[in-house]
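Commentary on secondary and tertiary structure
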Amino acid sequence: MDAALVALASSAATTVVGLLATDAWEQAKSAVTAFWQRSRPGQAETVGAELVAVRTELLAARRAGDETTQAGLTAEWRNRLQRLLAADPALADDLRELLAELPPLAPEPVRGNRVEMHGTASDDARIYMSGGDMHITGP
């Protein structure tokens, strides 16, 4: 399979699965179902139901702190889209249009150690605090 089609399937799967956990999930579901309706009409209803199930699984995994489930679901949809594009590479333009109509996927919040900072300044003191990189220039 062409590397560009693999990248397209990967991007689409990441976006769609990611959006299923957001307020834009219905828009993503509708767009993907419509895409399937145009390309494989007999499978569109099943795909719509599967997206609802993926959303349920994804939300449950996030509540449980399971960070690997989203990667697995994304891989499943990437493979599914790759098979679809391998069978009909002309669908790539339709898939690009689908991605263009979906809202951008916000980056996942960085999860790590909790940072709590407190500072007290007196007189002419300055306090600089950062939970990440900090670059201070000037006096």
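These lines cover the structure that appears in this document, whether it is placed above or below. (Residues numbered from 1 in each chain as written. Predicted model: local features only at pLDDT ≥ 70, side-chain atom pairs only at ≥ 80, totals over all residues. Heavy atoms only, no water.)

1. Brief notes about the pattern of salt bridges
Counted under the stated rule, the structure contains two salt bridges. Across the pair glutamate 50 and arginine 80 runs a salt bridge whose closest N-O atoms are separated by 2.3 Å. With glutamate 50 in helix 3 (residues 44-63) and arginine 80 in helix 4 (residues 68-87), the pair connects residues that are 30 residues apart, well separated along the chain. Arginine 96 is paired through a salt bridge with aspartate 93; the nearest N and O atoms lie 3.0 Å apart. Of the two residues, arginine 96 and aspartate 93 both sit in helix 5 (residues 92-101), three residues apart, roughly one turn of that helix. Exposure remark for arginine 96: the relative accessible area of 39% places this residue in the partly exposed category. (Salt bridge = Lys/Arg side-chain N within 4 Å of Asp/Glu carboxyl O. Helix = DSSP H or I, 4+ residues; strand = E, 2+ residues; numbered from the N terminus. Buried < 20%, exposed > 50% of the residue type's maximum accessible area, 1.4 Å probe, protein only.)

2. Observations regarding empty space enclosed by the protein
With the rule as written, the count across this model stands at one cavity of 30 Å³ or more. Looking at the largest cavity, its volume works out to about 50 Å³. Surrounding the largest cavity, Ala12, Ala13, Val16, Val32, Phe35, Trp36, Trp77, Leu81, Leu95 and Leu98 form its lining. For the lining of the largest cavity, the secondary-structure elements that each account for two or more residues are helix 1 (3-19), helix 2 (25-39), helix 4 and helix 5. Split by residue class, the lining of the largest cavity holds ten nonpolar, no polar and no charged. (1 Å grid on protein atoms, 1.4 Å probe; cavity = no way out; pocket = protein on both sides within 12 Å on 5 of 7 lines; lining within 4 Å. Points joined across faces, edges and corners; volume = space filled by probe spheres on them. Nonpolar A, V, L, I, M, F, W, Y, C, P; charged D, E, K, R; others polar.)

3. A short note on the nonpolar core
Membership of the largest hydrophobic core comes to 33 residues, with the highest contact counts inside it found for Phe35, Trp36, Trp77, Leu81, Leu85, Leu95 and Leu98. Only helix 1, helix 2, helix 3, helix 4 and helix 5 provide two or more residues apiece to this core. A per-element tally of this core places helix 1 first, with eight residues. Leucine 81 has contacts with Ala9, Ala12, Ala13, Phe35, Trp36 and Leu95, leaving out every residue within four places of it along the chain. (Core = buried A, V, L, I, M, F, W, Y, C linked by side-chain atoms within 4.5 Å. Contact = heavy atoms within 4.5 Å.)

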